[in-house]
Amino acid sequence: MKKPILVVMAAGMGSRYGGLKQIDPVGKNGEIIMDFSVFDAVQAGFSKVIFIIKEQLFEDFKEVIGDRVSKYVQVEYVFQKLDDLPEGFTVPEGREKPWGTGHAVLAARDHIDAPFVVINADDFYGGEAFKKIGAFLRNVKEDGEKAHWAMVGYHLKNTLTENGHVARGVCVEKDGVLDTIVERTHIEKREGGPAYTEDDGATWHALDEDTTVSMNLWGFTPDFVDALKKDFVSFLENDVPKNPLKAEYFLPFVVNDQIRDGKADVTVLKSADKWFGVTYKADKPVVMAALAEMMQNGTYPDPLWK
């Protein structure tokens, strides 16, 4: 089995954050969040990193992280483009919004030739997650009947911010295997505990703080790319006409479809690590303090890259 690849989704602009948060320094030596994810992946034996970015940010990415980490791991760049569509489809008039996480991974289709892990650029996942999912992918067996994939699940309480709401994939699992995942786009800390709303706060629904949630840390075999291609055509035919300017092709939707159709199973690997991310500007000092402490206590070397 080939060594796993790390696929980093970094094509989004942080609208709630108010800037390009993916390349904003958070480490004491100028490291960005992606530095820590790439470092953890290298330590876990990954062979290559693919950055999925907007083409106009290529030079910035090379300068801020790519040239640095390329000394330790193979680096490739992929551009997510709105007009990267199957034959016969065109971008709806007035559409500017990217097609979503499923389309982002699809943009890397020609670069994926081994089991791969998908992550968000602006989330800190912790070394434990990469070790667990890397080990899973190195040992996964292809039996020809069903695809075997994995995700790292976090305790909801470890993934919330004090500064607003977050979007999380709420997982339903049975005996360590994912049954379904439901996207909740507005989850907040509240007096009675975590809760989500689907009507801008008119009503709230409680969630157990130990609910397993997805942070978009997935482990796939290359056959997932074929599932993405097929489902993307269906999305363009059925979903886009209903909401041409904003419909999004979310990666978990494809996973759910494959599970429901009996074509794949997804092992849920648990991490007790605390998530850190800069969803909002006010999150940055918290992230910086946490990473500095991890360098001080030896969780990470200081500086990160020697």
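Every chain's residues receive numbers from 1 upward, in the order its sequence appears when written. Residue-level local features of this predicted model are given only where pLDDT is at least 70; pairs of side-chain atoms are given and counted only at 80 or more, and the full residue set underlies all totals for whole chains, interfaces and linings. By convention in this description, side-chain values take in all heavy atoms of the structure and omit both hydrogens and water.

Quick notes on the overall build of the protein chain
Definition in use: Where helices and strands are cited, they refer to DSSP runs of H or I of at least four residues and of E of at least two residues respectively, numbered from the N terminus. In this description the radius of gyration comes from C-alpha coordinates, and the expected globular size is given by 2.2 Å times residues to the power 0.38. The buried label goes to any residue with under 20% of its type's maximum accessible area, the exposed label to any with over 50%, and the partly exposed label to all in between, with areas taken from a 1.4 Å probe on protein chains only. By definition, residues are in contact when any of their heavy atoms lie within 4.5 Å. Accessible surface is estimated by sampling points in the Shrake-Rupley manner with a 1.4 Å probe; for residues, cover comes only from the protein chains shown. Lys and Arg are tallied as positive, Asp and Glu as negative. Neither His nor the chain termini are counted. Every charge is mapped onto a representative atom, which is NZ of Lys, CZ of Arg, CG of Asp or CD of Glu.
The helix and strand tally for the protein chain stands at seven helices and 13 strands. A globule of 306 residues ought to have a C-alpha radius of gyration of about 19 Å, and the protein chain, at 19 Å, matches this closely. When its C-alpha atoms are laid out on the principal axes, the protein chain stretches across 50 × 45 × 45 Å. Looking at the 306 residues of the protein chain, the share that counts as buried comes to 52%. Long-range contacts, defined as pairs at least 24 residues apart, comprise 76% of the intrachain contacts of the protein chain with a sequence gap of at least 6. Accessible surface for the protein chain amounts to roughly 14100 Å². Of this, 47% is attributable to carbon and sulfur atoms. In the protein chain, which carries 36 positive and 49 negative side-chain charges, the distance between the mean positions of the two groups comes to 3 Å.

Considering helix H2 (residues 58-69)
What counts here: When we speak of the arc, we mean the arc of directions from the helix axis to the C-beta atoms.
Taken residue by residue, H2 has Phe61, Ile65, Gly66 and Val69 as its buried positions. One side of H2 holds all its buried residues, which, seen down the axis, span an arc of 95°. Turned more than 90 degrees away from the buried face of H2, the exposed residues are Glu59 and Glu63. Turning to H2, the residues buried within the fold contact helix H1 (33-43), strand S2 (48-53) and strand S3 (74-79).

Description of the side chain of Asn216
Residue placement: Asn216 occurs in strand S11 (residues 212-220). In this structure, Asn216 is in contact with Met9, Thr101, Val118, Ile119, Asn120, Tyr125 and Pro252, ignoring residues within four places of it in sequence.

Looking at helix H7 (residues 284-296)
What counts, and what does not: Multiplying 1.5 Å by the residue count of a helix minus one yields the expected span of that helix.
Here H7 spans 18 Å end to end across 13 residues, near enough to the 18 Å set by a 1.5 Å rise per residue. Taken together, the buried positions of H7 are occupied by Val287, Ala290, Leu291, Met294 and Met295. Down the axis of H7, the sector holding all buried residues measures 140°, keeping them to one side. Projecting away from the buried face of H7 at angles above 90 degrees are the exposed residues Pro285, Glu293 and Gln296. Buried residues along H7 sit in contact with H1, strand S5 (123-124) and strand S13 (276-277). Looking one or two places after H7, you find Gly298, whose phi comes out positive at around 90°.

Observations regarding the pairing of S11
Every regular strand shows the same layout, with side chains that alternate between the two sheet faces. Condition: Pairs of strands are assigned from DSSP output, requiring at least two bridges between the strands.
The buried fraction of S11 amounts to nine of the nine residues, a majority that puts the element mostly inside the structure. Because side chains alternate across S11, one face comprises the buried residues Thr212, Ser214, Asn216, Trp218 and Phe220, and the other comprises Val213, Met215, Leu217 and Gly219, equally buried. Sheet topology places strand S4 (residues 116-120) next to S11; three bridges connect them, and they run antiparallel. Counted as the bridge partner of Phe116 is Phe220 from S11. Here strand S6 (residues 147-155) runs beside S11; their pairing, made up of five bridges, is antiparallel. Bridge pairing in S11 places Ala150 opposite Gly219. One ladder, built from two bridges, connects strand S7 (residues 166-174) with S11; its direction is antiparallel. Bridge assignment links Val170 to a residue of S11, and that residue is Val213.

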